[in-house]
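Chain by chain, the residues:
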Amino acid sequence: MPAVRMSRLICVPFDQLNADHGALKSADRDTDVIVLIESQRMIVGRAWHKQRLQFLLSSARHFAAELQSNNWSVEYLRSDTTASGLKEISKKYPDLEIVCAAPNSFRMRRELSEIGVNFVDNDFFLTSQELFTIWGNSQKTFTMENFYRAQRKRLGILMSGATPVGGEWNFDAENRLPPKKDQDWGTTISFDLDLIDEEVMAELPDTAWGNLKSKIWGTSRAEALAQMEHFFQNHFKEFGPFEDAMPASSWTGHHSLLSPYLNNGLLHPSEVVSAALQRFEQGDIPLSSCEGFIRQIIGWREYINGMYWYLGEDYRKGNGLSANRKLLPLFQDSKKTEMNCVKSIVKDIEDYGWTHHIPRLMVLSNLALITGVKPQEFLDWMREVFIDAADWVMVPNVIGMATHADSGVLMTKPYAAGGAYISKMGQFCKECRYDPRLRTGETACPFTTLYWDFLDRNAQMFSKNHRMFQQMGGLRKLSNMSEVKDRAQQVLNGLDQGLI
Ligand code: SF4
């Protein structure tokens, strides 16, 4: 039999590991060669979290092995970058067209288009860039809630004709419960290491950060599906009411832990939404939980990705508050702080590479914001330590939501808060040497002190913002501002030295 002539090289980036989507959707098993490239820049370029490297590399190797066992021709190689790997493989298969679903970052799109890769549609999201651009161009402010409502209508999810099921678009008021004393947070699942996992683990570079003791993140499609099933059976019911709660006894709360799998392609948002709606139809899941979860997928996730592309590549350079402090040592070592909330949360990140959106936003990002850490340093850190971090997630989240470095393009006001919010929604303050009610003195909560100092430092800018009216009124009423400012300086010096 004459040898089959191969016709295309299909490049599968490590965040597009799905046989039914991206370039693989239209690939031909007989004539296409599937190419996966382990880029050294992705492995040793920075101090990436061990959990993150393990998850991404092992998932890709499992995916390549599955394709091979299903009779695909697969080339899996290591190279300095994805682009250099594609050039190498092109020498082995000269003159073949290289095809890839449009990559998920500006840099990768640029690098691959420079070497002549042809892009096909990226369908790893539910909203195309074209559609998002139409929405963005029609808005005065980019309010996520408006986008979310348009998504519900467009996709026909949780709709009863033209009105939302249950008569409300969201149930935020029901979904802000703090953790209860002795609350049972249910179980998490872990997975057995197989030969591929062990091989990857043995190869992790010395530059990697954090801890990796057991396999808490699945690395195959089957394990991603098992995680999804575990969530829907064990946590979905209570997800909504407690989605903002920060328990001290559980690193997961009732969260799904599905973002890593959605972001590397092992799960597709459409199947997660379908599974959620099917589970909801069984009748024992409150609408507040179902709606809250659906909003994360069809609202927030799509909105953040849409805004990443809509705002352009230079958006990441913003520093509207002129924040230039170096990254605080406590972000890289939980032992470098006595603030119990920060210590516990950074320890969770060291161990798992994950914490949910409220510790990320209201503790870690809040601290970076009110201490004036340079947004780009904080962005780098967030990219390195979170298992589900991707450029498209972190750039709008850090530059827009977390640090207000875009001067309010994404969010009309900064997410700054004192210790009172953390005390209300978390279980850390009782065991802390600081007191969330105090703003001055040795035992004052650093969040509370720095919150007022932050407002004061940026008073000129914030006094023009009508959404900051209440906060600025509170600032004007403070009688001991000079004492607060003295304490704030001590706290900032102590944080820089890892002593607070
Ligand atoms: Fe965190 Fe302040 Fe509470 Fe301590 S008192 S746990 S620093 S919020």
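Below is a summary of the structure that appears in this document.

Rules used throughout
- Residue numbers run consecutively from 1 along every chain, following the written order of its sequence.
- In keeping with the model being predicted, local features are shown solely for residues with a pLDDT of at least 70 and side-chain atom pairs are shown and tallied solely at 80 or more, while totals for entire chains, interfaces and linings include all residues.
- Computation of side-chain values covers all heavy atoms of the structure but excludes hydrogens and water.
- Note on terminology: near, applied to a residue and a molecule or strand, indicates that one of the residue's heavy atoms is within 4 Å of it.
- Just so you know the grouping, Ala, Val, Leu, Ile, Met, Phe, Trp, Tyr, Cys and Pro go in nonpolar, Asp, Glu, Lys and Arg go in charged, and all remaining residues, Gly too, go in polar.
- Think of it this way: a Phe, Tyr or Trp ring, Trp meaning its six-membered ring, pairs with another when their centres are within 6.5 Å, and the plane angle makes it stacked under 30 degrees, edge-to-face over 60, tilted otherwise.
- Numbered from the N terminus, helices here are DSSP runs of H or I no shorter than four residues, and strands are runs of E no shorter than two.
- Each residue's exposure class comes from its accessible area (1.4 Å probe, protein chains only) as a fraction of the maximum for that residue type: buried when under 20%, exposed when over 50%, partly exposed otherwise.
- Any carboxyl oxygen of Asp or Glu within 4 Å of a side-chain nitrogen of Lys or Arg constitutes a salt bridge here.

## Considerations on the site of the ligand
Taken together, Met-339, Cys-341, Ile-422, Phe-428, Cys-429, Cys-432, Tyr-434, Pro-436 and Cys-445 make up the full set of residues near the ligand. Residues that form the shell around the ligand fall into these classes: nine nonpolar, no polar and no charged.

## A look at the packing of aromatic side chains
To describe a pair of aromatic rings, one takes the distance between the centres and the angle between the planes. In the structure shown here, the tally under the stated rule is 32 aromatic pairs. Relative to Tyr-310, the ring of Phe-132 lies with its centre 6.2 Å away and its plane at 70°, an arrangement referred to as edge-to-face. One end of the pair, Phe-132, is in helix 5 (residues 129–137); the other, Tyr-310, is in helix 12 (residues 287–311), with 178 residues separating them in the sequence. Both rings, one in Phe-239 and one in Phe-293, keep their centres 5.8 Å apart while their planes meet at 85°; by these two values the pair is edge-to-face. Highlighted residues: Phe-239 in helix 9 (residues 236–239) and Phe-293 in helix 12, separated in sequence by 54 residues. As far as burial versus exposure is concerned, Phe-239 and Phe-293 are alike and both buried.

## What about the pattern of salt bridges?
Counting across every chain of the model gives 35 salt bridges. In this structure, the salt-bridge partner of Arg-61 is Glu-199, at a minimum N-O distance of 2.9 Å. Here Arg-61, found in helix 2 (residues 50–69), pairs with Glu-199, found in helix 7 (residues 195–203); they are 138 residues apart in sequence, far enough to count as distant. Exposure remark for Arg-61: the relative accessible area of 9% places this residue in the buried category. The partner of Lys-237 in a salt bridge is Asp-284, and the shortest N-O contact between them spans 3.9 Å. Remark: Asp-284 occurs in the loop between helix 11 (269–281) and helix 12 and Lys-237 occurs in helix 9; sequence separation between them is 47 residues. We classify Asp-284 as partly exposed; its relative accessible area is 35%.

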